[in-house]
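Each chain is listed here by its residues.
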Amino acid sequence: MESKSKSKNRREFIQSGVRLSLALALGSVSGLALSRSIKDDYVWQIDPFECTQCGRCATDCVMTPSAVKCVHAYDLCGYCDLCGGYFKPDANELTTAAENQLCPTAAIERKFIEEPYFEYIINEDLCIGCAKCVKGCTSFGNGSLHLQIIHDICLNCNDCSIARVCPSDAIKRVKATEAYNIKGDFTENPES
Amino acid sequence: MKNKGITIFLIALAVIIVIIIVNEYLSDKPDKGKPNPYQYSVEEFKKIDPSLIRYKESVNFRIGFDNPAAIAIYNDTIYAAGDDIIKIIDLKGTLSGQINLPVSPHTLKVFNDKIFFAAGNRLFVYNMSDESTSEWEPLEELSFITAIAANANDIFIADAGNRRVVRYSPEGHLISVFDGKAEEGALHGFIIPSAYFDIEINDEGKLWIVNPGMHSLENYTFEGQLRSHWKHASMKTEGFSGCCNPAFFTFLSDGRFVTSEKGLVRIKTYKVSGEFEGVVAAPDKFIEDGHAPDIAADSKNNIYAMDFDKKVIRVFNPVD
Amino acid sequence: MKRKLLYIFLTFIFCITALTSYSQQQRFPKPEFSSGYEQPDVVTPEPRSGGFEYLDVAVLLVVLSLAAWFALRKRSRQGILWLSVFTLVYFGFYRNGCICSVGSFQNITLSFFDAGYSVSISTLLFFLLPLIFALFFGRVFCAGACPLGAIQDLLIVKPLSLPKWLNKTLGLIPYIYLALAVLFAATGTDFIVCRYDPFVGIFRMDAKFHMIVLGISFLLMGMFVARPYCRFLCPYGVLLSWMSRFSKWHLTITPSLCIKCKLCTTSCPFDAIDFPVNEKEIVQSGPGTKKFIVYAMLIPLWIVAGAFVGERSHLYLSRANQNVYLAELLISDPEIKNDPDNIDVQTFLESGKTMETLVEEAEVMRGQFKTGSMIAGGFIGLVIGLTLINTTVFRKRQDYVPHRGNCLSCGRCMDYCPVEK
């Protein structure tokens, strides 16, 4: 009986010793992590200047349709009649007829403002983030159309499945408080 | 043994799981990727009928600029601007002089012994005879000077920021301003969606201005009255592509036009009437989505293109 | 507002410095409209954050506390069951399975090795809380707070008891998975635990087809082999079981003294109940001291062998890194440069990055993989050695008790025990 309780005591002693060292290990790992931690959460966002419009944002997001959408930085837009992001390169006429539209889901609305300017609005519900218009706008226009991850759709996966396959590593973690990289804007802050 | 069915089922599931995981691990590799299903393709328009190509590239001049900016030719001497330097080069590519500038110019123009250059809204004149630089009254803040045209009595600058052309006297006095709105309403005024707005005076003393938003070249009197124009908006070889082209143009010695486009980068020639004539450099000569090269021509109709992406001056000689 | 201004300012600086050639175009003023046109704003919905991530931490804390209370004090399987239903709905279907504790160790690892990455406090807490609870109460996280566990737990139909050797062998997979996940996370290559998470696609009701098949396969398997992912894959379960083995308190089958009625023996779907040791058997097979000594002496050999295997396989493993793969591909098959449809190759060619830089980066990465693979291999060797040693050790045991490392604290066995308090 005595020897049994002895061995039990010994086992308990070892157990609590190991427990303490495990707790210490946990503490030091978390302390080390804490020393380099930040309060903000991270979210994923696209750097529009590194994006090469490869089309993977449309095909590789875990969401269908993708949480990546085209956004329009109106400040940069030329409001052109012949919009490289709206019309197919070989469009016959500059009308809103479906056969002239570049967007595979007709997600861009074209509105006449005044001669000769037109406004282009992205319908987020239809946009699939394929970047076809971004390519057209960047090649032939001012690059006001660009892709962004829209955060009320994005699930903020721990490992973004688009970032993993992005050929130009344009998708990066950014702080949640600075969640968008909307292309720069001239008229609002000329002095900065 | 009554669990035999279940065992087989479990083994089958295990095999499926392993296959899926291995398959997923091996996917997404660079040599297994699929082509972009949403490719924006202008390949069709990059192909150009070889019989239309009237020029042949001969040599390249390395100019050694980090940020090349502009090229001009006067009296068969090349003036190349970049960084904060203007280099003077002969037609064979030999450097004969260099001018250090107080700013990084965006454009330049040479006439007689004066070099006009501009950076943002500031306009400068460098006098080659006494090597002095003077600055004219700067334009307003939004102004962005993209091109300068000059002859003996008049200096015109293209202000892309305010979509207008400003006329100066040789002494730097502002004479007049016009925004190109035609009275008959046939054409809109200057539509400048991006910082490309070129202007030239040809050997006959006619002032030509690009209206990039209209894909047109417009001839104005010095007072700003539209005299004539021609335009051609199309992705096809004979037209100007995109929202706003041509980005640059210049004249050959006989008054024909040479144009340079961005987006679908190409250099072409047009007859004096504005009719398409031929191709100098096809899009496959440039990198994809490259910048429109600035162009200048010598008296023998050789064309010198400043390639901003490769940072060289490329020389094209007529073949016929 | 200040932050926003700062951000705009930074973006602006970026535009000017990084893209000097474009800068003029970026800053170019837009047309002036005479018709009173008003430009719409760019809509940028805020991410779910700003305190919300701490709500998740709070929910996790509450669920863990409740699970511990249900398992250890209230002794209520019912309670744990409803808790896991809640977890499945909240962390699974509502929060779509991200962030979860199971993958969080990868974030911690990456933050140690990537100077540019630091882990957020909420992620750190998701990593830490279940482990702390395991250190005190056993794997209550697995019982009630893990959505991956919950979805499998609710679909157990007819759990079979696996042979011991199979249990032990399959039980090595999580260690390998853990070692590889740390290796891939440390090199910044991939978060494999997240990538191969079989159930996240089901939570989101949206994933690539084969990943859905994977999830369903696990669930079907789970009808007969209870919680297969938890027992034979989950790398976080390894850490939890380390903690749980030495936990201060743990769920017990009986509320007081075991009467050895054997009613609970078939209750555990996870083969996690240790039976009393038959003393006669031990005597028959010998005390095993000799075997123990031999196995103990073999451990260094296992480690060396593991490190050797790791070293041998580092080239293969390093190919998981896109840079390494791309560099090897371009060297072994230069023709691929002419394939206009190959997005990765074409993007590289257009990026202006030289082949030398790419190869250099790939070589550095390979070096990291070499060291990492050897460490990972050594670790796996150690685990194999220790598992073997374990087979020689017999603890005297007279009662039916849960195996502290493997018990998921689900509480099923408690209902079978006839002993009253």
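For clarity, every value in this text was computed on a predicted model and none was experimentally measured. (Residues numbered from 1 in each chain as written. Chains lettered and ligands numbered in written order. Predicted model: local features only at pLDDT ≥ 70, side-chain atom pairs only at ≥ 80, totals over all residues. Heavy atoms only, no water.)

A few words on unusual backbone geometry. All names here are of chain A. The omega angle of the peptide bond from T64 to P65 is -5 degrees, so this bond is cis rather than trans. Turning to its location among the elements, P65 is positioned in the loop between α2 (56-60) and β2 (68-72). A positive phi angle is found at N156, which is not glycine, with a value near 50 degrees. For N156, a relative accessible area of 26% corresponds to the partly exposed category. (Helix = DSSP H or I, 4+ residues; strand = E, 2+ residues; numbered from the N terminus. Buried < 20%, exposed > 50% of the residue type's maximum accessible area, 1.4 Å probe, protein only.)

On to the interface of chain C and chain B. The interface is formed by 40 residues belonging to chain C together with 37 residues belonging to chain B. Here chain C and chain B share an interface that buries about 3300 Å² over both sides, 64% of which is from carbon and sulfur atoms. Joining chain C to chain B, the criterion identifies two salt bridges. Linking chain C with chain B are six residue pairs in polar contact (both at pLDDT 80 or more), by the criterion used here. Residues of the side of chain C that touches chain B, tallied by class, amount to 23 nonpolar, eight polar and nine charged. (Contact = heavy atoms within 4.5 Å. Buried area = accessible area lost by both parts, 1.4 Å probe. Salt bridge = Lys/Arg side-chain N within 4 Å of Asp/Glu carboxyl O. Polar contact = N/O pair within 3.5 Å; in protein donor to acceptor, adjacent residues only side chain to side chain. Nonpolar A, V, L, I, M, F, W, Y, C, P; charged D, E, K, R; others polar.)

The predicted structure's coordinates, where accompanied by low pLDDT, should not be read in detail. Scored by pLDDT, chain A comes out at a mean of 86, with 93% of its residues at no less than 70. A low-confidence stretch, residues 185-192 of chain A (pLDDT under 50), is modelled with 15 contacts involving residues beyond four sequence positions or located in other chains. (pLDDT = per-residue confidence, 0-100.)

With that settled, consider helix α15 (residues 235-245) of chain C. Residues that lie three or four places apart on an α-helix share one face, since the helix turns once every 3.6 residues. Burial within α15 of chain C is extensive, with nine of its eleven residues counted as buried. Listed in full, the buried residues belonging to α15 of chain C are P235, Y236, G237, V238, L239, L240, S241, M243 and S244 of chain C.

Our next topic: the domain arrangement of chain C. Residues and elements named next belong to chain C. Each assigned domain of chain C is listed with its residue range as follows: domain 1 (56-276 + 398-416) and domain 2 (284-392). Each partner contributes residues to the interface: domain 1 has twelve residues there, and domain 2 has 14 residues. For the pair domain 1 and domain 2, the summed buried surface comes to about 1100 Å²; carbon and sulfur atoms form 85% of the total. The interface formed by domain 1 and domain 2 holds zero salt bridges in total. At seven residues, the largest contribution of residues to the side of domain 1 that touches domain 2 is made by helix α10 (residues 173-186). Taken together, the residues of the side of domain 1 that touches domain 2 sort by class into nine nonpolar, two polar and one charged. (Domains from an automatic or database assignment.)

Next up on the list: the environment of L102 of chain A. Positionally, L102 of chain A belongs in the loop between β2 and β3 (108-114). Linking L102 of chain A and I128 of chain A, residues 26 residues apart in sequence, is a C-alpha distance of 13 Å. Those residues in contact with L102 of chain A, other than ones at most four positions away along the chain, are G84, G85, Y86, F87, K88, P89, K132 and C133 of chain A together with Y40 of chain B.

Let's shift gears to the interface of chain C and chain A. With 75 residues of chain C at the contact, the number on the chain A side is 70 residues. Our count for the chain C to chain A interface comes out at two salt bridges. Across the pair R164 of chain A and D190 of chain C runs a salt bridge, and its minimum N-O distance is 3.9 Å. Counting across the chain C and chain A interface gives 16 residue pairs in polar contact (both at pLDDT 80 or more). The set of elements that each furnish at least two residues to the side of chain C that touches chain A consists of α1 (2-18), α3 (52-74), α5 (101-113), α6 (121-137), α11 (192-195), α15 and α19 (343-351) of chain C.

All names here are of chain B. Strands sit in the order β10-β11-β12-β13 across an open sheet of four strands; the sheet is antiparallel. Here the strands that pair on one side only, and so sit at the sheet edges, are β10 (145-150) and β13 (174-178). Ignoring which end each strand starts from, the neighbouring axes of this sheet average 20 degrees apart. Pairing analysis gives five bridges linking β10 to strand β11 (residues 155-159), with the strands arranged antiparallel. If you follow A147 over to β11, its bridge partner there is A158. (Pairing = 2+ DSSP bridges. Axes fitted to C-alpha atoms, helices over the stretch in contact; angles between N-to-C directions.)

To continue, consider the domain arrangement of chain A. Entries for chain A in the domain assignment read domain 1 (1-37) and domain 2 (42-178). Taking only C-alpha atoms into account, the centre of domain 1 of chain A sits 55 Å from that of domain 2 of chain A.

Along the chain, R56 of chain A falls in helix α2. Judged by its relative accessible area of 10%, R56 of chain A falls in the buried class. At 2.6 Å, the side chain of R56 of chain A and the side chain of D344 of chain C are in polar contact. Ignoring anything within four residues of it in the chain, the contact list for R56 of chain A reads C61, I162, V165 and P167 of chain A, G33 of chain B together with I343 and D344 of chain C.

This part takes up the packing of helix α18 (residues 322-332) of chain C against α19 of chain C. All names here are of chain C. The N-to-C vectors of α18 and α19 enclose an angle of 90 degrees; their axes lie 11 Å apart at closest approach. Classed by the angle they form, the pair α18 and α19 counts as roughly perpendicular. Residue-level contacts link L326, L329 and L330 of α18 to D344, V345 and F348 of α19. A breakdown of the residues in the contact of α18 with α19 according to their chemical character gives five nonpolar, no polar and one charged. (Parallel < 35°, antiparallel > 145°, perpendicular 65-115°, else oblique.)

All names here are of chain B. The antiparallel open sheet is built from four strands, whose spatial order is β1-β24-β23-β22. Where the open sheet ends on each side, the last strands, each with one partner, are β1 (55-62) and β22 (294-297). When strand polarity is set aside, the average angle formed by the axes of neighbouring strands in this sheet is 25 degrees. Relative to strand β24 (residues 312-318), β1 is paired through six bridges, and the arrangement is antiparallel. What sits directly across from R62, in β24, is V312.

Once that is clear, we can look at the pairing of β2 of chain A. Residues and elements named next belong to chain A. Of all five residues in β2, five are buried, a share of seventy percent or more. The alternating pattern of β2 places V68, C70 and H72 on one face and K69 and V71 on the opposite face, and all of these are buried. Relative to strand β5 (residues 145-149), β2 runs antiparallel, the two being bridged by five bridges. From the neighbouring strand, V68 faces β5, where its bridge partner is I149.

Another aspect to go through is the environment of D84 of chain B. All names here are of chain B. With respect to the element layout, D84 can be found in the loop between β3 (77-82) and β4 (85-90). Judged by relative accessible area, D84 falls into the partly exposed class, the value being 37%. A C-alpha to C-alpha distance of 9.5 Å links D84 and A69, two positions 15 residues apart in sequence. If we skip the residues at most four places from it in the chain, D84 touches I99, N100, L101, V103, S104 and P105.

A word on the pattern of salt bridges. Summed over the entire model, instances satisfying the criterion amount to 40 salt bridges over all chains. Across the pair E200 of chain B and K109 of chain B runs a salt bridge whose closest N-O atoms are separated by 3.3 Å. Taken together, the positions of E200 of chain B in strand β14 (residues 199-201) and K109 of chain B in strand β6 (residues 107-111) put the pair 91 residues apart, joining distant regions of the chain. Bridged by salt links that share partners, the residues R164 of chain A, E24 of chain B together with D190, R195 and K208 of chain C form one connected network.

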